[in-house]
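# Working through the structure, step by step
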Amino acid sequence: MIGFWTELVSSLLIRFEWAVFFYFVLVNSFYALLLVSAAWSLRRHLLIEQAEPRWRILSSDMAPSISLLAPAYNEAATVAESVRSHLALYYPNLEVVVVNDGSKDDTLSVLVAEFELHPIHPVFHRQISVKPVRNLYRSRI
C-alpha cells in the first residue's frame with residue numbers, strides 16, 4: 001500500500017513540475033513578445049524623432065512656456081550680461097524673471113537703464129506669506 005501512495009505522490013509531483021515549467025515558458029514567452037513589441041515601437045519613435053528637425057518643434061505653438069528665475073543680489077556689475085545671456089537662449093516662449101531681493105547697490109537702476117523697464121501693477125493672489133513685493137517691472141523692449 002505504501003508503494004501505491006509513493007507512486008501516486010511521485011506522479012502528482014512530476015505533473016506539477018511540468019505544469020510549473022509550462023507556466024514559466026508561457027509567461028516568459030509573453031514577456032519576450034512584449035519586449036520585441038516595445039523595441040519595435042521605440043525604433044519607430046526614434047526614426048520619426050530624427051526626421052523632425054528640432055527648430056520646427058521649438059517653433060511650435062505647442063511648446064510650453066518657461067519662466068527662468070534669476071536671482072540678483074548686489075549684481076550691478078554683471079546683471080545686464082547675465083540677463084542678456086538668459087535671453088539669448090533659443091526657446092519660443094521664454095520669460096526671464098530677475099528677482100532683485102534687497103540689493104544695496106544699483107542693480108535695479110542698471111536693469112531699468114539697460115532693458116527699458118517700466119513699473120506694472122498686476123493683480124495677484126498671495127498664496128504663501130512672504131515679505132511684501134515693492135515693485136514689479138516689465139521691459140518695453
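See the structure printed just above.
One structure accompanies this document, and this report is about it. Being a predicted model, the structure only gives us computed values, none of them experimental.

Before going further, it helps to spend a moment on unusual backbone geometry. The phi dihedral of Asn74 falls on the positive side, at around 55°, and the residue is not glycine. Here Asn74 shows up in the loop between strand E1 (66-72) and helix H3 (79-87). Located in the positive-phi region is Glu116, a residue other than glycine, with phi close to 50°. Considering the arrangement of structural elements, one finds Glu116 in the loop between helix H4 (107-115) and strand E3 (117-120).

Before going further, it helps to examine the layout of surface pockets. Volume-wise, the largest pocket comes out at about 1,200 Å³. Along the walls of the largest pocket sit 30 residues, with Val98, Val99, Asn135, Leu136 and Tyr137 positioned nearest its centre. For the lining of the largest pocket, the secondary-structure elements that each account for two or more residues are H3, strand E2 (94-100), H4, E3 and strand E4 (136-139). Considering each element in turn, the lining of the largest pocket owes the most residues, six residues, to E2. Taken together, the residues that form the lining of the largest pocket break down as 17 nonpolar, six polar and seven charged.

Of all hydrophobic cores here, the largest spans nine residues; its members are Ala72, Ala76, Val79, Ala80, Val83, Val110, Leu111, Phe115 and Leu117. At the level of elements, H3 and H4 are the ones that each hand at least two residues to this core. Apart from residues lying up to four places away in sequence, Phe115 is in contact with Ala80, Val83, Arg84, Leu87, Ser139, Arg140 and Ile141.

We describe a pair of aromatic rings using the distance from one ring centre to the other and the angle between the two ring planes. Within this structure, the stated rule accounts for five aromatic pairs. When the centroid spacing of 6.4 Å and the interplanar angle of 45° are considered together, the rings of Phe30 and Tyr31 count as tilted. By relative accessible area, Phe30 is classed as partly exposed at 47%. Connected via pairs of aromatic rings, a cluster forms that spans Trp18, Phe21 and Phe22. The positively charged end of Arg43 is found above the aromatic ring belonging to Trp40, 5.7 Å away from the centroid.

About the cut-offs
Residues numbered from 1 in each chain as written. Predicted model: local features only at pLDDT ≥ 70, side-chain atom pairs only at ≥ 80, totals over all residues. Heavy atoms only, no water. Helix = DSSP H or I, 4+ residues; strand = E, 2+ residues; numbered from the N terminus. 1 Å grid on protein atoms, 1.4 Å probe; cavity = no way out; pocket = protein on both sides within 12 Å on 5 of 7 lines; lining within 4 Å. Points joined across faces, edges and corners; volume = space filled by probe spheres on them. Nonpolar A, V, L, I, M, F, W, Y, C, P; charged D, E, K, R; others polar. Core = buried A, V, L, I, M, F, W, Y, C linked by side-chain atoms within 4.5 Å. Buried < 20%, exposed > 50% of the residue type's maximum accessible area, 1.4 Å probe, protein only. Contact = heavy atoms within 4.5 Å. Phe/Tyr/Trp six-rings, centres within 6.5 Å; stacked < 30°, edge-to-face > 60°. Lys NZ or Arg CZ within 6 Å of the ring centre and 35° of its normal.

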